[in-house]
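Inside the fold
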Amino acid sequence: MDGVFWVEAPEAGLHVLCGCPADAVKHLMKRGMIVPTEVQGVPCETGPNAILLADVMLQNGRLTNMGEFPVLQMLYRQGMILPNHPNNSGKKPLLIGHPDAIAAQMEYIFRGNYGLVSEEEIVATGIPADEAAIMMRIKLKFAFGKIRPSHDLLAALPVTSSEPVEIMNHVFVCRKKMNVYEFSCKGDNVTVDLNMLPDGYYPSPYPLNFHNIKREYFAVIHSGQGDGWDINRPSMGSVLMFQGKVYLVDAGPNLEYSLIALGIGVNEIEGIFHTHNHDDHFAGLITLIRSDHRIRYFAPPLVRASVFRKLAALLRIDEEHLADLFDIHDLEAGKWNDVEGLEVLPVFSPHPVETCAYYFRTFWEGNYRSYAHLADLAAFGVLEKMVDCQGEVGGVPQAFVDETKSLYLMPADIKKIDIGGGMVHGQAEDFKNDGSGRIILAHTSTPLTTRQKEIGSSAPFGIVDVLVPDYSEPLRDTAAAFLAVYFPGVAPFHLRTLLNNPIVTFNPGSIMIKRGEVSPMIYLVLTGIVEKISADTGVYNILSAGALLGEYHGLHGLPAKTTSRSISFVQALRLPVGSYSEFIERNNLHPTIRNLNDNRRFMQGTRLFGENISTPILNQVAQRMETHPFPAPDGALLDALDPGSLYLVQSGRVERRWGDQVLDILEAGMAFGEESSIFQGARKHQYRTLEPTVIVSFPGDLLREIPVVLLNLLESRGRRS
């Protein structure tokens, strides 16, 4: 698939996964590169024994290197680390690639294995020293007594030039240019290009049906019951709806596909409650960063520290910069926290990395209505084996284990539990006497047994459990909020003239506004995802809640220059052009609308602003956009430009220099100046025009509030470096 290859030299015993985005293991299983087998009578799996990493960590806003599960598959399911396994020959899984990519992957896998790695790191999150000591003992029990650095488990082969380097047994590899490598063996060679196409993406390994889901007062959407090995279902996760807002519980791989299938745009998400940092609950965080606002991140500091260390390693940024990508809200473990009326109880859950389970509740009709999400549990039998025996060093107190089991068994109206089994997951049998109203069995890739079916229920993707129904009109409230931001200062009774129009639903794949036609309607997107496309010009924008479609061409009676098409179920406020024009005229908004439209159209034609930014946010940026013409033929130095602003080339060309060295040429739509304005470092480069040029500027402090812009700048910076 785009950006991912399989290269093997069977006689040399080499099988290389080239590129490893999230859920690469599931793709290998579906394609037959990983299959069950036996070696000397011992069951195991086939699969890769090496991974070629991409040079850059981001392509088209997607993470390229997520080797945690491919490495786990090699170590445990192939048996390369299991004692006395015939595949445990002393050879380690091999990471191949640029030294920077290998170093980042080693640190990310290390944090994925262990999370926080000392009592000092645990105490730094606010945990008392005596509790931190118990948590560290639990971690060492799961780690077989020792925290091992990644190079104890993995081998590395740095490749930096076109000079071939031997991998093994006369198989060589060299680096031709960025993301392009050549393998050779005995006169044969093959080139792999890990660069994605401009509109490329990593597909989901499983299909999902579309769902049109009503926004309820308090409800649970079941968005995943599988695990990191389930080739047919998303990993365990849930979507909570509360008072018209959308929250996630965990963010697994292929999150964007799940959201599309559920008709939820990333801009609709209010926050995420996070359980822990393993990839099958973590990989979708990058999707949340592709939003036009900082999504609220809810977790106890213990979990957040573990997650952010791993994410910082993946993105190759300092951990403190993650505060620019999320709106952090620390929760107090062991106590009910009030999140705008939704009560949330995080409880510590023993696991190889810092993990918590969550209980959610709200009071309604004289009782609490509650949902419990217990991801990645420890089976009761595993916990009991950790108990100290006659003062055994490294043991866990019985009282701690008893309290953990009691918290697991707290009753709830709906409880979703991990039944993955083994040494690090839960068992359904532990909950056979649980007093909850309904137990949902999740986090497994195997069919339920008869005994498990007697204990708990299944919940296919997209099924909704309504705890408290909504009798109001939450979408009408959403529309009012968007219009108030879009038209600041306009009296509410004027906005009512727009709100008093129908909310319509578009099925997935429907054309809402067709290119070349004069649309009689303007649409304010309230839910779902829309694409704006033009095959001739190459325009492609992804839009979600808050986008206003067809405004400029509708007001001027012009044929649309792009086609607006629903990707998921989409609900939108339908505004007749005549009514909208009269509203604009009555409030004397034509000059403002014209100027904002011109600026927005330029911005949306760039890579920087072309995805997931709502019309109100685009307007805020467009209002502060300034134009700087440089009419001289060439050579105009741009060093005097404000270091606090980000710049885009609107027309012409700009040369980026490092002393006497020309680094690259910036053309229309390309950005510069982010090192000082966005990442707040020293300006490292010099710039000059090569021809008559117009550049535009945006305040860095405003853009730092838009995570998807920061992500796009991180991607372009990674490519340049």
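One can find the structure itself at the top, above this paragraph.
The present account deals with the structure reproduced in this document.

**Notes on the overall build of the protein**
- Helices and strands together make up the secondary structure of the protein, namely 22 helices and 41 strands.
- Since a compact globule built from 721 residues should have a radius of gyration of about 27 Å, the 27 Å found for the protein is in line with a globular shape.
- Summarising its shape, the C-alpha atoms of the protein cover approximately 80 × 75 × 45 Å along the three principal directions.
- Per-residue burial over the protein gives 58% buried out of 721 residues.
- If you take every contact in the protein between residues at least 6 apart in sequence, the share linking residues at least 24 apart comes to 71%.
- Summed over its atoms, the accessible surface of the protein is roughly 28,800 Å², and 52% of this surface lies on carbon and sulfur atoms.
- Between the centroid of the 63 positive side chains of the protein and the centroid of its 82 negative side chains there is a distance of 3 Å.

**Quick word on the pattern of salt bridges**
- One pass over the full model with this rule turns up 40 salt bridges.
- In this structure, Glu 611 and Arg 290 form a salt bridge, with 2.8 Å as the shortest nitrogen-oxygen distance. Residue Glu 611 is found in the loop between α18 (590–604) and α19 (615–623), and its partner Arg 290 is found in the loop between α9 (285–289) and β18 (295–299); the two are separated by 321 residues along the sequence.
- Notably, a salt bridge pairs Asp 664 with Arg 656, separated by 2.9 Å at the nearest N-O pair.
- Overall, Asp 664 belongs to the partly exposed group, its relative accessible area being 21%.
- Taking the relative accessible area as the measure of exposure, Arg 656 reaches 1% and is therefore buried.

**Regarding the sheet that holds strand β8 (residues 94–97)**
- Pairing is mixed across the open sheet formed by 5 strands, whose spatial order is β1-β2-β5-β8-β9. Strands at the two margins of the open sheet, each flanked by one partner only, are β1 (5–9) and β9 (155–158). Sheet twist, expressed as the average angle between the axes of neighbouring strands with direction ignored, equals 20°.
- Taken together, the 3 bridges between strand β5 (residues 50–52) and β8 define a ladder with parallel strand orientation. Within the sheet, the bridge partner assigned to Leu 52 lies in β8 and is Ile 96.

**As for unusual backbone geometry**
- The phi angle at Gln 40 is positive, at roughly 50°, despite the residue not being glycine.
- With respect to the secondary-structure elements, Gln 40 resides in the loop between β3 (36–39) and β4 (42–45).
- Phi at Asn 254 is positive, roughly 60°, even though this residue is not glycine.
- Turning to its location among the elements, Asn 254 is positioned in the loop between β16 (245–249) and α7 (255–262).
- By relative accessible area, which is 11% here, Asn 254 ends up buried.

**Let's talk about the side chain of Ser 645**
- One can find Ser 645 in strand β36 (residues 645–651).
- Apart from residues no more than four positions distant in its own chain, Ser 645 is found in contact with Gly 673, Ser 677, Ser 697, Phe 698, Pro 699 and Gly 700.

**What to know about the sheet that holds strand β30 (residues 530–534)**
- One open sheet accounts for 4 strands, arranged β28-β33-β30-β31; its pairing is antiparallel. The sheet is open, and its two edges are formed by β28 (511–513) and β31 (539–543), each paired on a single side. Mean inter-strand twist for the sheet, computed between neighbouring axes without regard to direction, equals 25°.

**Notes on helix α5 (residues 129–142)**
- Taking 1.5 Å as the rise per residue, α5 with 14 residues should run 20 Å; its terminal C-alpha atoms sit 20 Å apart, in good agreement.
- Taken together, the buried positions of α5 are Ala 132, Ala 133, Ile 134, Met 135, Met 136, Ile 138, Lys 139 and Phe 142.
- Buried positions along α5 lie against α3 (99–114), α4 (119–123), α10 (301–315), β21 (342–348), α11 (380–385) and α12 (398–408).
- Positive backbone phi, approximately 55°, marks Phe 144, located one or two places after α5.

Reading guide: rules and limits
- Residues numbered from 1 in each chain as written.
- Predicted model: local features only at pLDDT ≥ 70, side-chain atom pairs only at ≥ 80, totals over all residues.
- Heavy atoms only, no water.
- Helix = DSSP H or I, 4+ residues; strand = E, 2+ residues; numbered from the N terminus.
- Rg over C-alpha atoms; globule rule 2.2 N^0.38 Å.
- Buried < 20%, exposed > 50% of the residue type's maximum accessible area, 1.4 Å probe, protein only.
- Contact = heavy atoms within 4.5 Å.
- Areas by Shrake-Rupley, 256 points an atom, 1.4 Å probe, with all protein chains shown as cover.
- Lys, Arg positive; Asp, Glu negative; His and termini not counted.
- Charge placed at Lys NZ, Arg CZ, Asp CG, Glu CD.
- Salt bridge = Lys/Arg side-chain N within 4 Å of Asp/Glu carboxyl O.
- Pairing = 2+ DSSP bridges.
- Axes fitted to C-alpha atoms, helices over the stretch in contact; angles between N-to-C directions.
- Expected span 1.5 Å × (residues − 1).

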